[in-house]
Amino acid sequence: LFLVFLTMLRTDLDKKKKWIRFGLISIIFASFLINTINVIWQGFQIPIWFPFRYSFVFSFVLIFIAFDNFSNMKSYNIKEVKYMAIFMLTIFLATCLFTDNIRTYSKYIPLAVSSVFLILYSFIYAKKESNKNIVLFIVILELIFNTTFLIKSLNKEFKYDKRSDYVDFVNQYKPVIKYINNNII
């Protein structure tokens with residue numbers, strides 16, 4: 001997100017492109033909030049299982065904008081990067097304070113880690129001669145953290161079965177399946 005917000009600070013990008021990017025992000029984001037637009041994205045049918053099937057488009061647009069900003073990382077002013085980092089930290093804190101589902105201490109850990117990554121990105125972008133390999137390494141670390149946190153959160157919510165439970169189930173019903181395959185099918 002830090003790289004996406006840096007679009008507004010780019011001096012080498014004309015205003016038309018900035019507005020197009022902002023408009024595209026706004027339209028897709030509004031699609032998540034306004035049910036009528038969501039139904040239009042779904043081919044005018046109310047979705048049953050996956051209400052936001054088109055969310056990959058949003059991810060693609062954000063990644064495209066972030067990559068474009070990453071490619072032009074030498075065109076930023078240190079002061080602007082500092083203000084953007086403060087703005088992003090404010091958004092993180094506001095999300096933490098005003099969101100009902102963040103109540104326990106463990107929910108603050110991703111916020112803290114995201115803030116650390118944001119500060120790292122800010123320092124890297126503040127330096128004019130930043131090494132892109134360092135940025136890549138930090139992005140990979142962030143991906144590992146986010147993936148681990150997501151899988152653990154999903155496991156808490158949905159309680160994934162262990163492999164041993166699956167193997168026991170298969171072994172228990174193997175004779176029945178064998179009998180059906182040999183005698184009925």
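Look up: the structure comes first, before these words.
Computed from a predicted model, the values in this text were never measured in an experiment. (Residues numbered from 1 in each chain as written. Predicted model: local features only at pLDDT ≥ 70, side-chain atom pairs only at ≥ 80, totals over all residues. Heavy atoms only, no water.)

Caption draft 1: Fine view of the nonpolar core. Counting 26 residues, the largest nonpolar core has Phe2, Val4, Leu6, Ile25, Met84 and Met88 as the members making the most contacts within it. For this core, the secondary-structure elements that each account for two or more residues are α1 (2–5), α2 (15–33), α4 (55–71), α5 (78–98), α6 (108–126) and α7 (132–158). Apart from the residues within four sequence positions on either side, Met88 is in contact with Leu1, Phe2, Phe5 and Leu118. (Core = buried A, V, L, I, M, F, W, Y, C linked by side-chain atoms within 4.5 Å. Buried < 20%, exposed > 50% of the residue type's maximum accessible area, 1.4 Å probe, protein only. Helix = DSSP H or I, 4+ residues; strand = E, 2+ residues; numbered from the N terminus. Contact = heavy atoms within 4.5 Å.)

Caption draft 2: Representation of α2. Look at α2: 27 Å from first C-alpha to last across 19 residues, which is about the 27 Å you get at 1.5 Å a residue. Looking at the buried positions of α2, the neighbouring elements they touch are α1, α3 (35–41) and α4. (Expected span 1.5 Å × (residues − 1).)

Caption draft 3: Quick look at the side chain of Arg21. Mapping Arg21 onto the fold places it in helix α2. By relative accessible area, which is 13% here, Arg21 ends up buried. Setting aside chain neighbours within four positions, we find Arg21 in contact with Thr7, Arg10, Leu13, Phe64, Ile65, Asp68 and Asn69.

Caption draft 4: Layout of the environment of Phe22. When you line up the elements, Phe22 lands in helix α2. In this structure Phe22 comes out as partly exposed when scored by relative accessible area, which is 42%.

Caption draft 5: Expanded view of the packing of aromatic side chains. This structure, assessed with the given rule, holds 10 aromatic pairs. On the numbers, 6.4 Å between centres and 35° between planes, the contact of Phe29 with Phe58 is tilted. Taken as a pair, Phe29 in helix α2 and Phe58 in helix α4 lie far apart in primary sequence, 29 residues in all. Aromatic pair Phe32 and Phe58: ring centres 5.4 Å apart, planes at 90°, arrangement edge-to-face. Taken together, the positions of Phe32 in helix α2 and Phe58 in helix α4 put the pair 26 residues apart, joining distant regions of the chain. Using a relative accessible area of 17% as the deciding quantity, one classes Phe58 as buried. (Phe/Tyr/Trp six-rings, centres within 6.5 Å; stacked < 30°, edge-to-face > 60°.)

Caption draft 6: Just the pattern of salt bridges, in detail. Scanning the model with the defined rule gives 1 salt bridge in all. With its nearest N and O atoms 2.5 Å apart, the salt bridge here joins Arg21 to Asp68. Of the two residues, Arg21 sits in helix α2 while Asp68 sits in helix α4, which places them 47 residues apart along the sequence. Considered together, Arg21 and Asp68 belong to a single accessibility category, that of buried residues. (Salt bridge = Lys/Arg side-chain N within 4 Å of Asp/Glu carboxyl O.)

Caption draft 7: Broad picture of α5. Across its 21 residues, α5 extends 30 Å between first and last C-alpha, which sits within 8% of the 30 Å expected from 1.5 Å per residue. Within the span of α5, buried status applies to Val81, Met84, Ala85, Met88, Phe92 and Cys96. One side of α5 holds all its buried residues, which, seen down the axis, span an arc of 115°. When the buried face of α5 is taken as reference, the exposed residues oriented beyond 90 degrees from it are Leu93, Leu97 and Phe98. (Arc of directions from axis to C-beta.)

Caption draft 8: A look at the packing of α2 against α4. Interaxial distance between α2 and α4 falls to 10 Å at its minimum, and their mutual angle equals 155°. One finds that α2 runs roughly antiparallel with respect to α4. The crossing of α2 and α4 is left-handed. Where α2 abuts α4, its residues Arg21, Leu24, Ile25, Ile28, Phe29 and Phe32 lie against Ser55, Val57, Phe58, Val61, Leu62, Phe64, Ile65, Asp68 and Asn69. A breakdown of the residues in the contact of α2 with α4 according to their chemical character gives 11 nonpolar, 2 polar and 2 charged. (Axes fitted to C-alpha atoms, helices over the stretch in contact; angles between N-to-C directions. Parallel < 35°, antiparallel > 145°, perpendicular 65-115°, else oblique. Left-handed = near helix turned anticlockwise from the far one by under 90°. Nonpolar A, V, L, I, M, F, W, Y, C, P; charged D, E, K, R; others polar.)

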